[in-house]
Number of protein chains: 2
Amino acid sequence: MGQKNAKPQRPKAIQPRGFRDYFGAEVAERNAMLGEICKVYESYGFDPLETSAIETLDALGKYLPDVDRPNAGVFAWTDEDEDWLALRYDLTAPLARVYAQYRNDLPSPYRRYAVGPVWRNEKPGPGRFRQFYQCDADTVGAPTVAADAEIAVMLTDTLEAVGIPRGDYVVRINNRKVLNGVMEAAGVLDPSDPDRHEHERGIVLRAIDKLDRLGTDGVRALLGKGRKDASGDFTEGAGLSDDQAAVIMAFMDARREDGAATLRALADLVGVSEVGREGVAELETIAALVAARGVGEDRVMLDPSVVRGLGYYTGPVFEAELTFDIFDEKGRKRQFGSVSGGGRYDGLVKRFTGQAVPATGISIGVDRLLAALREKGRAGGALPGPVVVTVMDRDRMADYQAMAAELRAAGIRAEVFLGNPGNFGKQLKYADARQSPVAVIEGPDEKARGVVQIKDLALGARLAANIETHDDWKAQPAQMEIARADLVDQVRGMIARAQAG
Amino acid sequence: MGQKNAKPQRPKAIQPRGFRDYFGAEVAERNAMLGEICKVYESYGFDPLETSAIETLDALGKYLPDVDRPNAGVFAWTDEDEDWLALRYDLTAPLARVYAQYRNDLPSPYRRYAVGPVWRNEKPGPGRFRQFYQCDADTVGAPTVAADAEIAVMLTDTLEAVGIPRGDYVVRINNRKVLNGVMEAAGVLDPSDPDRHEHERGIVLRAIDKLDRLGTDGVRALLGKGRKDASGDFTEGAGLSDDQAAVIMAFMDARREDGAATLRALADLVGVSEVGREGVAELETIAALVAARGVGEDRVMLDPSVVRGLGYYTGPVFEAELTFDIFDEKGRKRQFGSVSGGGRYDGLVKRFTGQAVPATGISIGVDRLLAALREKGRAGGALPGPVVVTVMDRDRMADYQAMAAELRAAGIRAEVFLGNPGNFGKQLKYADARQSPVAVIEGPDEKARGVVQIKDLALGARLAANIETHDDWKAQPAQMEIARADLVDQVRGMIARAQAG
């Protein structure tokens, strides 16, 4: 409306809010870590499965965690037939769809692993992205808690395989059935009318799951009348009486000096509850199987304070925590915290088929685990910088390409400078930006004498900022003149010496 | 409205139309192939980049190929701020956005590779999916055609690295500048008024790109008045006169017995056109660089019939074709066809910044290349079936888990049967479905004697269908009784013999 249209509007070169790009080493490190994880999963007999990013909204269902938070949700839209499509928000919902769809063709039990991005249409925040990787392993169709014990032990093997040393992690196990038994004892679960108090139980579950963040007092408030947070927002409580709340608080605090003592404490708490006793017996079996594998309680322990926020768990639940200290942005010491969680969910496939199908599994938070490895200096897969063949004579590109090809054929990453070769200093700055270990130089003089110059860039990096000409460059101590025929051997040797030094 | 609501509606266990799931070996083979491709890209100095699946619709732009086809498009929706978001339809548009966004921090030239799914909101068809993988390598910021020559040679190395033998592929190269020169000669491009005839040139471009499908007569019709296809649909033609069309047809047919002769034919066709002469000179340089690398015209050839459908190419274009014959579903012999394409696009970054940035690259059609490798029996990465430890006594799960753990520690994929162990035949059918090489059996009798039975399942598979009991099983010839202490060595030997046999 009357606007001048002098310039066409240019699009903004920016990713949408809550999304990010991963460059070079970030991609290589993640792929290296995922490769190690998948190798462990495969060794346990898990097979890869890759589903599409897009599912029908109907198939995904509404199983997002933290449903009490605003803006929680999925990216969804209608297609040309007006059907709702959505991006997957985890890897479990697609697995349930796949198992229901192919159940007659899949082996039973079906052990599958999956790696890939998931999407959450949530308010982005610092370090909180709307696309992130998960890496899951699940066993579908195995009713025995031996499957849960296997998953817990596999998780310890996985963490050690990627470089988290023993002593720096612990896998905590609990059982929703025990919690249900405790709820019975507290009078918020009536086995003869299982739907009654469902709303209150949801609040109890989410309250326990927030113990780390809110502390005992915060959880206690949520079990009772409710809680006002620092911003003044009020969260509704479960409305439990003091006596009822005390039973739940005792449950959260039921971890004892060892697993056997914890099991006795839990048995006391669930009293005569049938589901509670079943849950305690399952934990006992899992603990025995884990111990029989030689995995001590320093690595896998029973911990009643772990409940997991998701509503769909029906039995054992797991959480892997890294126990070493880090310092946050304000310099405060804190523990690294959870990098993986999971549990048994016997109802997800039933949504599709009407028949209950037992299932259990874990999901690894890939970005968090990778951050932990970086913290420990254990992230692998770093891509070495390429040898850069500089261009002294732009008519001799074929010769420079031949040098790079010879180096590559010997397994050395190498490239020819393809920018404007006019300013030699720019070629050196480029090599620097590429973290190149060695630069190769062959000007007309070198060509005539059958030699090339090779330059140790790690050694020379401190001086490079001041170099403008080829002659300055030649004067540097980290440079060697070698016979052209010895290029590959000499470059290999220079890289080896730089790595050793 | 009056419907009975006896049952809750269950979601359908099915993926949306045009999407598919990839199981086990399909995932493993693709990952193995992508790993090989990325290794070649990295050896040439390309660094990985991973952007999110979601971009602003604005940043993606409208560069989809085949814009003359109905239903072409992207998956897009508005977010809570009413901004349009979309799933990327290729890996080039996100690269242009990234380069524009980070251009001051990235090395220049920037060689990057990217691997991942892309999405097209198109009508699905047989073998035509709405999510598929691409694997791209691009050099941004290099004006020299040495960058194009490098990409073409790297493509040959890549195809050979994944298992396409020399002789079974050819990389064809052309140059849009030559085509523009020919358009000038034909009178559909006026250098003093470049926007004139743009619509006609678009039709010419897409017509040439369809040569494979439509043949000479079909293209000729599209250059003139237009073409009615078998279904009766009419496609508008470029409206060229017979003389004009003859120039274009001569261009498409300008490939001669060798590159030098082809270059002479092209020089004749472009006549005095400045851009045309520049294009011919570029092709000459590329041909010389490729030849200097020792890559013959059997592997990289000049072919004027290659133009690529995308409107954004500005210089050299590439296409890799597999030249071996396959038989289609109707038993007709045909060539496998194109598995990769690309070219120079100097305008994509300019969309964002206003400054032209030279860029060139290729995209590999991952699913098509993998299909070709399967056709040739060259797909790698197959995951071996796991050794299955059967469960004869459900109270001794810990012992069975220990056996599987010992095998895994020796690098052998192994798992314990976790279904209902009551029916031994079912355990064998499970091992069969898992393509297990060896089953391990330890019943009470074996346990008492300190032995286990191991069974060569490849050998025994033919008989397995009729086995119901443990005794039947023991009677099979492919079974051995071994000392429990020798489990790992004996299983390893059995697998080795099965592989050798």
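Residues numbered from 1 in each chain as written. Chains lettered and ligands numbered in written order. Predicted model: local features only at pLDDT ≥ 70, side-chain atom pairs only at ≥ 80, totals over all residues. Heavy atoms only, no water.

As annotated in an unreviewed UniProt entry, chain A carries the name Histidine--tRNA ligase and is attributed to Halovulum dunhuangense. In the Subunit (unreviewed entry) part of its UniProt record, chain A is described as follows: "Homodimer." Per UniProt, the comment on chain A under Catalytic activity (unreviewed entry) is "tRNA(His) + L-histidine + ATP = L-histidyl-tRNA(His) + AMP + diphosphate + H(+)". (UniProt positions renumbered as here; feature names shortened; annotations may be inferred.)

(A) Focus on the pattern of salt bridges. All names here are of chain A. Taken as a whole and judged by the stated rule, the model has 69 salt bridges over all chains. The shortest N-O distance in the salt bridge between E321 and R172 comes to 2.8 Å. Of this pair, E321 sits in strand 12 (residues 316-327) while R172 sits in strand 8 (residues 169-175), placing them 149 residues apart in sequence. As far as the burial class goes, E321 and R172 line up, both buried. For R434, the salt bridge is made with E415, and the minimal N-O distance between the two is 3.2 Å. Of this pair, R434 sits in the loop between helix 14 (424-433) and strand 17 (438-441) while E415 is found in strand 16 (residues 414-416), placing the two residues 19 residues apart along the sequence. Residue R434 shares its accessibility class with E415, and that shared class is buried. (Salt bridge = Lys/Arg side-chain N within 4 Å of Asp/Glu carboxyl O. Helix = DSSP H or I, 4+ residues; strand = E, 2+ residues; numbered from the N terminus. Buried < 20%, exposed > 50% of the residue type's maximum accessible area, 1.4 Å probe, protein only.)

(B) Representation of the relation of the copies chain B and chain A within the structure. In screw terms, the move from chain B to chain A is a rotation of 180° and a rise of 0.0 Å along the axis, fitting with an RMSD of 0.0 Å. Such values leave the two copies arranged in the relation of a two-fold axis. Minimal C-alpha separation from the rotation axis in chain B is found for W77(B), amounting to 3.1 Å. Looking at chain B, 100% of its interface residues are interface residues in chain A too, so the copies touch through the same face. (Least-squares fit on C-alpha atoms with pLDDT ≥ 70 in both. Contact = heavy atoms within 4.5 Å.)

(C) Representation of unusual backbone geometry within the structure. Residues and elements named next belong to chain A. Of note, the amide linkage connecting S108 to P109 takes the cis form, showing an omega dihedral of 0°. Residue placement: P109 occurs in the loop between helix 3 (92-102) and strand 6 (110-119). Of note in this structure, H197 is not a glycine but carries a positive phi near 65°. Looking at the element boundaries, H197 is found in the loop between helix 5 (176-186) and helix 6 (198-209). With a phi angle near 50°, Q435 is a residue other than glycine that sits in the positive phi range. Of note, Q435 is situated in the loop between helix 14 and strand 17. Given a relative accessible area of 66%, Q435 falls into the exposed group.

(D) Looking closely at the interface of chain B and chain A. Contacts between the two partners involve 92 residues from chain B and, on the opposite side, 92 residues from chain A. Buried area between chain B and chain A, both sides added, is near 7,400 Å², and the carbon and sulfur share of it is 56%. Of all residues in chain B, P11(B), E50(B) and L418(B) bury the most surface against chain A, accounting for 10% of the area lost on that side. The interface formed by chain B and chain A contains 10 salt bridges. The salt bridge involving R434(A) is made with D47(B); its shortest N-O contact spans 2.9 Å. Summed over the shared surface of chain B and chain A, the number is 42 residue pairs in polar contact (both at pLDDT 80 or more). The sheet contact formed by strand 1 (residues 22-23) of chain A and strand 2 (residues 47-50) of chain B spans two bridges and is antiparallel. Bridge pairing in strand 2 of chain B links Y22(A) to E50(B). (Buried area = accessible area lost by both parts, 1.4 Å probe. Polar contact = N/O pair within 3.5 Å; in protein donor to acceptor, adjacent residues only side chain to side chain. Pairing = 2+ DSSP bridges.)

(E) Spatial organisation of helix 14 (residues 424-433) of chain B. All names here are of chain B. The set of residues buried in helix 14 consists of F424, G425, Q427, L428, Y430 and A431. Of the residues flanking the start of helix 14, the one acting as N-cap is N423, its side-chain oxygen 2.9 Å from the backbone nitrogen of G425. Following helix 14 by one or two positions, Q435 has its phi on the positive side, about 50°.

(F) Region of the structure containing helix 5 of chain A. All names here are of chain A. Most of helix 5 is tucked away: eight of the 11 residues are buried. When we look at burial in helix 5, the residues that qualify are R176, K177, V178, L179, G181, V182, M183 and A186. The inward-facing, buried residues of helix 5 contact strand 8, helix 6, helix 8 (242-252), helix 9 (259-270), helix 10 (274-292) and strand 12. Sitting at the head of helix 5, N175 places a side-chain oxygen 2.9 Å from the backbone nitrogen of K177. Count one or two residues on from helix 5 and you reach G187, which has phi positive near 80°.

(G) Here's a closer look at the UniProt feature "binding site: L-histidine" (unreviewed entry) in chain A. All names here are of chain A. Under the UniProt annotation, the feature "binding site: L-histidine" (unreviewed entry) is placed at D90, L91, T92, R120, Q134, D138, R308, Y312 and Y313. Within the element layout of this structure, D90 appears in the loop between strand 5 (84-87) and helix 3. With near-sequence residues (within four places) excluded, D90 lies in contact with V118, R120, Q134 and Y312. Of the polar contacts made by the side chain of D90, one reaches the backbone nitrogen of T92; its length is 3.1 Å. Within the secondary structure, Q134 is located in strand 7 (residues 131-140). Judged by relative accessible area, which is 11%, Q134 ranks as buried. Filtering out sequence-adjacent residues up to four positions away, Q134 remains in contact with D90, L91, A114, V115, G116, V118, R120, S363, I364 and V366.

(H) Broad picture of the environment of S108(B). All names here are of chain B. Summarising the element assignment, S108 is placed in the loop between helix 3 (92-102) and strand 6 (110-119). A residue is classified by how much of its surface remains accessible, and S108, at 39% relative accessible area, is partly exposed. A sequence separation of 295 residues divides S108 from M403, and the C-alpha atoms of the two residues are 55 Å apart.

(I) Inspection of the packing of aromatic side chains at higher detail. Tallying each qualifying case throughout the model produces 19 aromatic pairs over all chains. Judged by centre distance (5.8 Å) and plane angle (50°), the ring pair of W77(A) and F75(B) falls under tilted. Residue W77(A) is found in strand 4 (residues 76-78), and its partner F75(B) is found in the loop between helix 2 (57-60) and strand 4 (76-78); the two belong to separate chains. Assigned by exposure class, W77(A) and F75(B) land together as buried. By way of ring pairs, the aromatic residues F19(A), F75(A), W77(A), F19(B), F75(B) and W77(B) are connected into one cluster. The ring centre of Y44(B) lies 3.5 Å from the NZ or CZ of R408(A), which sits over that ring. For R111(B), the ring lying beneath its charged end belongs to F46(B), and the centroid distance is 6.0 Å. (Phe/Tyr/Trp six-rings, centres within 6.5 Å; stacked < 30°, edge-to-face > 60°. Lys NZ or Arg CZ within 6 Å of the ring centre and 35° of its normal.)

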